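# Fold and geometry: a report
The primary structure of each chain is shown beneath.
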Amino acid sequence: MYLTHLECPRCGREHDAGVLQNLCECGSPLLARYDLAAAARVVEPERFGLRPADLWRYRELLPVADPRNVTTLGEGWTPMLRVPAYGADIGIDELLVKDEGLTPTGSFKARGAAVGVSRARELGVRRIAMPTNGNAGAAWATYATRAGLGATIVMPLSAPTICRQECLAAGADLRLVDGLIGDAGRQVAALVAASDGTVFDAGTLREPYRLEGKKTMGFEIVEQLGWQVPDVIIYPTGGGVGLIGIHKALGELRELGWVEDKLPRLVAVQSTGCAPIVRAFAAGDDRARPWEDAHTVAFGITVPAPLGDELILAALRATAGTAIAVDDAEILTDLRDFAAREGLLLCPEGAACLTAARRLRACGWIRAGERVVVLNTGAGVKYPETIDVSGVPVLPR
Ligand SMILES: *Cc1c(COP(=O)(O)O)cnc(C)c1O
Ligand SMILES: [Zn+2]
């Protein structure tokens, strides 16, 4: 394993990666650091292509020492689909959708759960607890069970029913709160504090390894493009772990010398019903203020006060990217238009990225001829209510 230590991106302090860690004393999430020079001596990009089609193909750049701790359901190496018909409609000839809907548990959250649970198991965790908007809880409950760990999952009452069902199916201790993810977070904090060290807080960015799983989306995008970077990557941003992870992956690939210096412009997409990052980005702020009265159909991105706000904003600025808010009506229209054109049913968060692509092309921010990758972060079939079937005629017998 090439993991060397954990580093605080805010105060620079180093932390021991060999023991369980949550946030830095200064309150910032921690980032895993590797001896990349040593990794580069044992593996080269061409080698990955000879390995199994899952995210563990990048094992030298992941934080699990003993392969026996690897907890897997075959996550990763999702398709990068060309969508030329819809692309032509919106003026982006090289539009690609990376379809995370095919990941176990139906969302890219499985990447973070696979790596996070594997490392937690390696460091001796017996039970994890986390607040969630649904998909993360479903994924962590599933992988925890597979690793033989307990899971306590707290989610808002309004989270998708399917995610509750997944948690129960996986035997998790599921609790519901009549509130938002922040309220669920307070419940988890109290529970962890009262547990006397027996329950590990695995909330978004509160432990460093979920991010490591999610960064593999960045490795895959580049490998699937033949070790080239696209011009733009568009990501539906809630807690922002995927966006921070893709940015981290690109930085590591650059340090390894496996990609050119130019980085893709990263775009954070939020809903007009919950857009703390968009507001902070537009104001030129380094931190985001909590969003009041958050609500949107894109439930996965309803995060009023993301813990990784600083890292998200820094990633957008470092790549000359941007942040854009789209409204629910547009999201649902684009979801249906896209499905009717390309046959692929997106999750609302993925559809929000298409809305962003369409709008950014229309205003010229995306230029003609640019190659654009959109992340569809979950399976459309997890959200059947986006398609209204009540108007379908019933034929007489
Ligand atoms: C969690 C989630 C997101 C947001 O992911 P972050 O990395 O936390 O920003 C987007 N889409 C779906 C479907 C999700 O479940
Ligand atoms: Zn710190």
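Worth saying up front: this structure is predicted, and the values here are computed from it rather than measured.

## A closer look at the environment of Arg 367
By the secondary structure assignment, Arg 367 is in the loop between helix H14 (348-362) and strand E13 (371-376). Separated by 158 residues in the primary sequence, Arg 367 and Tyr 209 have C-alpha atoms spaced 35 Å apart. Apart from residues no more than four positions distant in its own chain, Arg 367 is found in contact with Arg 265 and Arg 361.

## Observations regarding the UniProt feature "domain: Tryptophan synthase beta chain-like PALP" (unreviewed entry) in the protein chain
UniProt records the feature "domain: Tryptophan synthase beta chain-like PALP" (unreviewed entry) for residues 72-378 in the present numbering. The straight-line gap between the two end C-alpha atoms of residues 72-378 is 18 Å; of that span, 44% is helix and 17% is strand.

## A look at the packing of aromatic side chains
Here the distance between the centres and the angle between the planes together describe a pair of aromatic rings. One pass over the structure, following the stated rule, counts seven aromatic pairs. Their ring planes at 85° and their centres at 6.0 Å tell us that Phe 108 and Tyr 235 sit as a pair that is edge-to-face. One end of the pair, Phe 108, is in the loop between strand E5 (94-99) and helix H4 (109-122); the other, Tyr 235, is in strand E10 (residues 232-236), with 127 residues separating them in the sequence. Tyr 235 carries the same exposure label as Phe 108, and that label is buried. Taken together, the ring pairs connect Phe 48, Tyr 58, Phe 219, Trp 227 and Trp 258 into an aromatic cluster. For Arg 265, the ring lying beneath its charged end belongs to Trp 365, and the centroid distance is 4.4 Å.

## A word on the packing of helix H9 (residues 216-224) against helix H10 (residues 241-256)
Orientation of H9 relative to H10, taken along the N-to-C sense of each, is 55°, at an axis distance of 7 Å. Between H9 and H10, the crossing angle belongs to the class labelled oblique. Judged by the sense of rotation from one axis to the other, the crossing of H9 with H10 is right-handed. Where H9 approaches H10, its residues Met 217, Gly 218, Phe 219 and Val 222 are matched on the opposing element by Gly 242, Ile 246, Ala 249, Leu 250, Glu 252 and Leu 253. A class-by-class count of the residues in the contact of H9 with H10 yields seven nonpolar, two polar and one charged.

## Observations concerning the layout of surface pockets
In this structure, the largest pocket occupies an estimated 770 Å³ of space. Contributing to the lining of the largest pocket are 40 residues, with Pro 131, Ile 181, Thr 204, Val 303 and Ala 305 lying nearest its centre. Elements represented by at least two residues in the lining of the largest pocket include exactly helix H5 (135-147), helix H7 (181-193), helix H8 (209-214) and E10. Element by element, the count of residues in the lining of the largest pocket is highest for H7, at seven residues. There is about 340 Å³ of room inside the second largest pocket. Around the second largest pocket sit 17 residues that line it, and Leu 31, Arg 33, His 247, Lys 248 and Gly 251 are the ones nearest its centre. Secondary structure elements with two or more residues in the lining of the second largest pocket: strand E3 (31-34), H10 and helix H12 (309-318). Among the elements that line the lining of the second largest pocket, the one with the most residues is H10, at seven residues. Among the residues forming the lining of the second largest pocket, the class breakdown is ten nonpolar, two polar and five charged.

## Points about the site of ligand 1
Around ligand 1, the surrounding shell holds 17 residues, and the nearest of these are Lys 109, Tyr 235, Gly 238, Gly 240 and Thr 377. Contact between ligand 1 and Gly 238: an oxygen atom at 2.8 Å from a main-chain N or O atom of the residue. Between ligand 1 and Val 241, the relevant distance is 3.1 Å, taken from an oxygen atom to a main-chain nitrogen or oxygen of the residue. Protein chains bury 95% of the 380 Å² of accessible surface belonging to ligand 1 in isolation. The pocket occupied by ligand 1, as judged from atoms lying within 2 Å of grid points, is the largest pocket.

## Thoughts on the sheet that holds strand E6 (residues 127-131)
In space, the four strands of this open sheet follow the order E8-E7-E6-E9, with parallel pairing throughout. Strands with a single pairing partner mark the edges of an open sheet, and in this sheet they are strand E8 (173-177) and strand E9 (199-201). Looking at each pair of strands side by side, their axes are set apart by 20° on average, direction ignored. Bridge count for E6 against E9 is three bridges, and the pairing is parallel. Across the sheet, Ala 129 pairs through a bridge with Asp 201, a residue of E9.

Rules behind the numbers
- Residues numbered from 1 in each chain as written.
- Chains lettered and ligands numbered in written order.
- Predicted model: local features only at pLDDT ≥ 70, side-chain atom pairs only at ≥ 80, totals over all residues.
- Heavy atoms only, no water.
- Helix = DSSP H or I, 4+ residues; strand = E, 2+ residues; numbered from the N terminus.
- Contact = heavy atoms within 4.5 Å.
- UniProt positions renumbered as here; feature names shortened; annotations may be inferred.
- Phe/Tyr/Trp six-rings, centres within 6.5 Å; stacked < 30°, edge-to-face > 60°.
- Buried < 20%, exposed > 50% of the residue type's maximum accessible area, 1.4 Å probe, protein only.
- Lys NZ or Arg CZ within 6 Å of the ring centre and 35° of its normal.
- Axes fitted to C-alpha atoms, helices over the stretch in contact; angles between N-to-C directions.
- Parallel < 35°, antiparallel > 145°, perpendicular 65-115°, else oblique.
- Left-handed = near helix turned anticlockwise from the far one by under 90°.
- Nonpolar A, V, L, I, M, F, W, Y, C, P; charged D, E, K, R; others polar.
- 1 Å grid on protein atoms, 1.4 Å probe; cavity = no way out; pocket = protein on both sides within 12 Å on 5 of 7 lines; lining within 4 Å.
- Points joined across faces, edges and corners; volume = space filled by probe spheres on them.
- Near = heavy atom within 4 Å.
- Polar contact = N/O pair within 3.5 Å; in protein donor to acceptor, adjacent residues only side chain to side chain.
- Areas by Shrake-Rupley, 256 points an atom, 1.4 Å probe, with all protein chains shown as cover.
- Sits in = over half its atoms within 2 Å of the grid points.
- Pairing = 2+ DSSP bridges.

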